[in-house]
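# Per-entry structural report
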Amino acid sequence: MEVGGIQALRRWRAEQSGRVGLVPTMGALHSGHQALMTRARSESDLVVASIFVNPLQFGADEDFVQYPRPIEEDLKKCEEAGVDFVFAPALAEMYPSAPEVRVVAGRMGAVFEGAARPGHFDGVLTVVAKLFTLIAPDVTVFGLKDIQQFVLVKRMIADLNFDIELIGLPVVRDADGLAMSSRNSYLAADDRARALAIPRALDAAAEAAERGRGTAEPSAGGGSSGSGTGAGLPAAVEAAALAELEPAAERGDLEIIYCSLVEAATLQPCPPDFTGSALLLVSATVGGTHLIDNLPLEF
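Presented here is a report on the structure given in the accompanying data block.

Conventions used here
- Residues numbered from 1 in each chain as written.
- Predicted model: local features only at pLDDT ≥ 70, side-chain atom pairs only at ≥ 80, totals over all residues.
- Heavy atoms only, no water.
- Helix = DSSP H or I, 4+ residues; strand = E, 2+ residues; numbered from the N terminus.
- Rg over C-alpha atoms; globule rule 2.2 N^0.38 Å.
- Buried < 20%, exposed > 50% of the residue type's maximum accessible area, 1.4 Å probe, protein only.
- Contact = heavy atoms within 4.5 Å.
- Areas by Shrake-Rupley, 256 points an atom, 1.4 Å probe, with all protein chains shown as cover.
- Lys, Arg positive; Asp, Glu negative; His and termini not counted.
- Charge placed at Lys NZ, Arg CZ, Asp CG, Glu CD.
- Axes fitted to C-alpha atoms, helices over the stretch in contact; angles between N-to-C directions.
- Parallel < 35°, antiparallel > 145°, perpendicular 65-115°, else oblique.
- Left-handed = near helix turned anticlockwise from the far one by under 90°.
- Nonpolar A, V, L, I, M, F, W, Y, C, P; charged D, E, K, R; others polar.
- Salt bridge = Lys/Arg side-chain N within 4 Å of Asp/Glu carboxyl O.

Attention shifts here to the overall build of the protein. Across its full length, the protein holds 10 helices and 9 strands. For 299 residues, the compact-globule formula gives about 19 Å, and the C-alpha radius of gyration of the protein, at 20 Å, lands near that figure. C-alpha atoms of the protein, sized along the principal axes, occupy 65 × 45 × 40 Å. When the 299 residues of the protein are sorted by exposure, 50% land in the buried category. Here the contacts in the protein between residues at least 6 apart in sequence split such that 71% fall between residues at least 24 apart. When the accessible surface of the protein is totalled, it reaches about 13,700 Å², and 52% of it is carbon and sulfur. Averaging the locations of the 24 positively and 40 negatively charged side chains of the protein gives two centres separated by 3 Å.

Another aspect to go through is the packing of helix H9 (residues 197–214) against helix H10 (residues 233–250). For the pair H9 and H10, interaxial distance at closest approach is 8 Å and the crossing angle is 155°. It follows that H9 is roughly antiparallel to H10 by the angle criterion. Classified by chirality, the crossing of H10 by H9 is right-handed. Residue-level inspection shows Ala 197, Ile 198, Arg 200, Ala 201, Ala 204, Ala 205, Ala 208, Ala 209, Gly 212 and Arg 213 of H9 in contact with H10, the latter providing Leu 233, Ala 236, Val 237, Ala 240, Ala 241, Glu 244, Leu 245 and Ala 248. Residue composition of the contact of H9 with H10, by class: 14 nonpolar, 1 polar and 3 charged.

Right, let's get into the pattern of salt bridges. Tallied over the entire structure, the rule returns 16 salt bridges. Here Glu 43 makes a salt bridge to Arg 39, at a shortest N to O gap of 3.0 Å. Pair noted here: Glu 43 and Arg 39 are both in helix H2 (residues 31–43), with a separation of 4 residues, about one helical turn. Since its relative accessible area comes to 24%, Glu 43 is described here as partly exposed. Note that Asp 176 is salt-bridged to Arg 192, the shortest N-O span being 2.7 Å. Within this pair, whereas Asp 176 is found in the loop between strand S6 (165–169) and helix H8 (189–195), its partner Arg 192 is found in helix H8, the two being separated by 16 residues in sequence. Under the relative-accessibility criterion, Asp 176 is labelled partly exposed at 34%. Residues joined by salt bridges that share partners form a network here, namely Asp 190, Asp 191, Arg 194, Arg 251 and Asp 253.

Glancing now at the environment of Gln 268. Locating Gln 268 in the fold gives a position in the loop between strand S7 (255–263) and strand S8 (277–286). For the pair Gln 268 and Pro 89, spaced 179 residues apart in the sequence, the C-alpha separation amounts to 37 Å. The contact partners of Gln 268, leaving out residues within four places of it in the chain, are Arg 107, Leu 261, Val 262 and Glu 263.

Okay, here's the thing in structure tokens:
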């Protein structure tokens, strides 16, 4: 396995042939990241993992300086996962000066996580576009925990004509149900217990959706309408999640940032009679740590 910055990457890339897979990361790797690398290996001949803590996606009062950077441990995890090249550039290589030109995430980048963290997705898409240009991958693998990020990267690939296949891997969870995240390391034991209200909320929403499918009203033709949902089910699903989160917020266990059911393709709120692919997006602060999660649903 080779490790290097931009010049080393360019030399290595020029010598390679075959299909190249990319797994972009900010480091502080866990088994969820390794799952992305394993999937990239199955889809390509060579795998590049990037490790770069991107300042453009952090707000002024966020944790850019504190973000964990255990580079030696990260390199071991990359090697275990069969990565061929770790692209670990210095900050001055990626941004020799403050960039004047950036990718703008647009409407879908200004809601939910984008509203909670203004400019976040502009920074994400800018660095991802730079990685795509530098590495020229044939395929890239992203985790679906950051589902809004995935939707925006998918749209950027289409809008900017990147010839790259995008693959999303389902959320990887710890045994207690909490979605794996590098920021989980910030959680004290009692905060982690409080954070479990988030996966409980997703479970409650999934159960409400299943109950709703079973009680869907028949259509005029005698079958069930749409994919088997009744009018008002999206609101019931969202309410089921909030029924778990709001008592936790009232106890002071967490602060709800958002809990919304949206259309998967547009991130617009689901109307009462919605049918199709949807996402329940949840974000909360627990003990000062910002956590996100989501649940894909079909109506």
